[in-house]
Amino acid sequence: MRSRLGVHLAGLLAAAGFPLTVDDLTRLTGRSAAAVESALQDAGDAGELGIVRAGILRTSDGVAITAPDAVAHVVRNLHRGPLAPGSETDPRTQRAALAPFRAALRAGALSALEEWGWEQTPPYLRGAGLPRSMHDRRDERDLLVRLLTDARRQEAVAAADPDAPSAQIDEAAHAIADTATTTADLGDLGALLVAAHQVRPVDGAPPHGVAPVFAFSGDLERARAIADEVRVEPDIEAAYVGEAAARAGYHEGAEIAGSAAAAVRAAAAPVGALLRVAQAVAGTALHTDDPDAAAALAGEARALVASALEVDEPVAEVAHLSRSIFRAARDHERANGATTLATAAAALARAGDDAAAAATADAADDLVDGIVVASLRARTLARLSARLRGRSAALTDRADRLGERAVEAAREDLATRAEVARLLVDTGPATGPDPDPPAVGDTRRAEPLARAVLAEVASSDTLVPRGVLHDAAAALDRIAPDGPAVAAARATVERVADARHGTAMERTSRALHEAVVLAEAAAILDRAGLADEATAAAGRAREIADRIPASARARTLARIAAELLPARTPAVFDLGIRAADDERSGSSRYRDAGAAELVAAAAAGAEAGLGGSEPADADRAARLDEVFTQATRSLRHHGEAAALMRLADLDARAGRQERAERLARDALVAARAPDPVRRGRARAALAAARDGVVSAPGAESPASPPHDSDTAQSWADTAQRWLSDGYPLSDLAALKSADPRVWSRVSALMSSELAR
């Protein structure tokens, strides 16, 4: 039998149209949680709610009545007196019957706005369901806008999910823009769009590396404006904007990079700045189509490297430790300078100046001779060989000699040999710090070197260092089941299985190493087609990772995921997904941003490597995209601007421009940096409207046609332009003329937001 509580619950659920929790229903009805739970458990035809059991939707978010038949059933049960057959399905009848319950939902929101605050409110007042249910209710539009623009509510919602305030505003803005026909609608839309920006603090500066992402897509205005806002060494950022623009095919790139080079030399910049600008200028030269401009930029890069490395040794009074640190830093500076000169040599060869290319390549070789540390010298020689190979006949000859020297220099260190083998053939992806990977891989030297490394691993009694199996396997075009790579992988699995740990601490500390090398072995076995062995090794790697304390586990899980996500064996791939999920949802309260970045980069790389020809590839792509989305979401929530920037750079250089721009904007938000172009256009649009200018260059949206303020369609078009721009930028003068009250509201909100 239905009770008063059952009727009350049914009315609330039907009026809401979205899930309500027991906590929500307890607060709204004033009854105990036990009574509400009992009524919900007894729901059914003869139960408390008086509707068919199938009409009650139970989700992780709560309980809802949304099916049309179920809502109609509730309306009929609520009606007193005769009701014509079928009337319960009429929208007007339903609204009238459910109006008291809808009013109760609104009353809670009004009380929170005007009295309680938001910290102790029922969950439905902070969720997306209530605002979403108001989208098509004109009579609730004012309350919708008040809810979504209330600063205290935004703070309370962001405490649980930092993305939620902006997401709720964006969803409502789309709903209003799609139905806008009046200036009042524009006022509501403008309030929401401005509020979306006020949610974000803007007291920071853009991180290095964001501006070039916009240059890749041709948005040079935004790229240059963001570069100017970088607080430390903006000339470095401008130089990389030029490199990105040239790589994307825009002729302005050469001018931008040249101006940055002139500025950094005039400012007597430090060594690091000179070398980074030189690297960007050399990359610009390599991708510039004008031979004369390429030659000039290559010469500028060489001059910058020379200027950077003119610093003398420290005076004799400096302590020995300081001298050692200086020499170590000097080695890395020489390595960076040498690789930059190699890129410049490749640019000169492309421009047709073979003599200058050869001389620049020789200058790079001379810098390498000054590197003291053998392992760094070997890696640098490999990078030079890779950059020069295939650029011209003369440079390829030099690349052969440099490759031989790299192999010779790496003989004493196993890990260095494996890395040199990978560097000789690793043709991508390009990154900001390494913008020009090999054009042609040197498999003739890399593969024998990699096989020798793997044979040594297979015969050694000690566990291989992390990364050796990965690097050596990457140098091989294919892995045979009976080859040295599989032998090395099997030997690694056996050594981990036979490992004995004297103490619990040793068992835990060695897990950091053992889990990763097992994952590398599993990746090799997967490439060889040995699915069962690969699955067993991957599973064991995941088990060993659980020995690591939660506070230190994230990076290891990320490394496991990075090795397993490209796997073709379904079970191994699933274990990679599990490792990525565990990295994100671990119990540790500590956050390792590098782990999330590693997972995201691995997911992006694995997704790019899918052929797309198999039916399973679509499912894999969807799961990898989810891993990437969750990892970058975590980085956004923790304000990791630099990590987001690096991921954006990877996507931009791989041609995934839409996602790259989205990540770059996320990096700006994480860095608490405003968009200087949007703010500049907004200020210009406000000034033009105040002066009565209907259209002003840079103030109105470039796509704005002449405005006819007498037609609803014109205001609908304006709403769509505002939505596309993400801000009220167009038709402000027309709005001022047509409705001064709405204009005053929108302009006041814009002025307040721009004054921050």
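Scroll up to find the structure.
Residues numbered from 1 in each chain as written. Predicted model: local features only at pLDDT ≥ 70, side-chain atom pairs only at ≥ 80, totals over all residues. Heavy atoms only, no water.

Caption draft 1: The overall build of the chain, seen in detail. A tally of regular secondary structure across the chain gives 36 helices and two strands. Considering the chain as a whole, with its 756 residues, one finds that 51% of them fall into the buried category. Taking the contacts inside the chain whose residues are at least 6 apart along the sequence as the reference set, 67% of them involve residues at least 24 apart. Summing over all exposed atoms, the chain offers an accessible surface of approximately 32,800 Å²; the carbon and sulfur share of this is 51%. (Helix = DSSP H or I, 4+ residues; strand = E, 2+ residues; numbered from the N terminus. Buried < 20%, exposed > 50% of the residue type's maximum accessible area, 1.4 Å probe, protein only. Contact = heavy atoms within 4.5 Å. Areas by Shrake-Rupley, 256 points an atom, 1.4 Å probe, with all protein chains shown as cover.)

Caption draft 2: Local environment of the side chain of T121. Here T121 lies in the loop between α5 (91-116) and α6 (129-134). Within the structure, T121 has its side chain in polar contact with the backbone oxygen of W118 (distance 2.9 Å). Polar side-chain contacts of T121 include one of 2.8 Å to the side chain of R126. In this view, T121 contacts R27, A112, W116 and R126; residues no more than four positions away in its chain are not counted. (Polar contact = N/O pair within 3.5 Å; in protein donor to acceptor, adjacent residues only side chain to side chain.)

Caption draft 3: Fine view of the environment of A280. Topologically, A280 is positioned in helix α15 (residues 271-287). For the pair A280 and Y240, spaced 40 residues apart in sequence, the C-alpha separation works out to 5.2 Å. Here A280 is in contact with A239, Y240 and E243, once residues within four sequence places are set aside.

Caption draft 4: The arrangement of the pattern of salt bridges in detail. Going through the model one piece at a time under the given rule, you end up with 59 salt bridges. Across the pair D369 and R405 runs a salt bridge, and its minimum N-O distance is 2.8 Å. In this pair, D369 is assigned in helix α18 (residues 354-369) and R405 in helix α20 (residues 393-409), connecting sequence segments 36 residues apart. Taken together, the salt bridges that share partners define one network made up of R138, R141, D185, D188 and R745. (Salt bridge = Lys/Arg side-chain N within 4 Å of Asp/Glu carboxyl O.)

Caption draft 5: Spatial organisation of helix α26 (residues 531-545). Spanning 15 residues, α26 covers 21 Å between terminal C-alpha atoms, matching the ideal 21 Å at 1.5 Å per step. Inspection of α26 places A534, A537, A538, G539, A541, R542, I544 and A545 among the buried residues, and these make up the whole buried set. Buried residues along α26 sit in contact with α24 (484-498), α25 (504-527), α27 (550-564) and α28 (570-585). (Expected span 1.5 Å × (residues − 1).)

Caption draft 6: Representation of the packing of aromatic side chains in the model. The final tally for this structure, using the stated rule, is zero aromatic pairs. Lying over the aromatic face of Y727, R678 brings its terminal NZ or CZ to 4.6 Å of the ring centre. (Phe/Tyr/Trp six-rings, centres within 6.5 Å; stacked < 30°, edge-to-face > 60°. Lys NZ or Arg CZ within 6 Å of the ring centre and 35° of its normal.)

Caption draft 7: Layout of the environment of I479. Following the sequence through the fold, I479 ends up in the loop between α23 (468-474) and α24. Residue I479 is classed as buried on the basis of its relative accessible area, which comes to 6%. For the pair I479 and D526, spaced 47 residues apart in sequence, the C-alpha to C-alpha distance is 9.4 Å. Beyond its immediate sequence surroundings of up to four residues, I479 is in contact with A473, A485, V486, I524, R527 and A528.

Caption draft 8: Molecular detail of the environment of G299. Following the sequence through the fold, G299 ends up in helix α16 (residues 291-308). In the structure, G299 is positioned 61 residues away from T360 in sequence and 9.0 Å away in space, judged by C-alpha atoms.

Caption draft 9: Main features of helix α32 (residues 657-670). For α32, which comprises 14 residues, the first-to-last C-alpha distance of 20 Å matches the rise-based estimate of 20 Å (1.5 Å per residue) to within 8%. Counting buried residues along α32, 10 of its 14 residues qualify, which places the element largely inside the surrounding structure. One or two residues past the end of α32 sits R672, with phi positive at roughly 60 degrees.

Caption draft 10: Molecular detail of the packing of helix α7 (residues 141-149) against helix α10 (residues 183-198). As a packed pair, α7 and α10 sit with axes 9 Å apart at the nearest point and diverge in direction by 15 degrees. When the axes of α7 and α10 are compared, the pair comes out roughly parallel. Like other packed secondary-structure pairs, α7 and α10 cross with a definite hand, here left-handed. Across from R141, V145, L148 and T149 in α7, the residues of α10 making contact are D185, D188, A191, L192 and A195. (Axes fitted to C-alpha atoms, helices over the stretch in contact; angles between N-to-C directions. Parallel < 35°, antiparallel > 145°, perpendicular 65-115°, else oblique. Left-handed = near helix turned anticlockwise from the far one by under 90°.)

Caption draft 11: Structural context of the packing of helix α9 (residues 164-179) against α10. Contact geometry of α9 with α10 gives a least axis separation of 9 Å together with a crossing angle of 160 degrees. In terms of orientation, α9 lies roughly antiparallel with respect to α10. Both α9 and α10 take part in a crossing whose hand is left-handed. Packed against α9, whose contacting residues are S166, I169, A172, A173, I176, A177 and T179, the element α10 presents D185, D188, L189, L192, L193, A195 and A196 at the interface.

Caption draft 12: Layout of unusual backbone geometry. One non-glycine residue with positive phi stands out, namely E233, at about 50 degrees. Checked against the element boundaries, E233 lands in the loop between α12 (220-229) and α13 (234-247). Judged by relative accessible area, E233 falls into the partly exposed class, the value being 27%. Despite not being glycine, R672 shows a phi value in the positive range, around 60 degrees. With respect to the element layout, R672 can be found in the loop between α32 and α33 (676-690). Exposure remark for R672: the relative accessible area of 38% places this residue in the partly exposed category.

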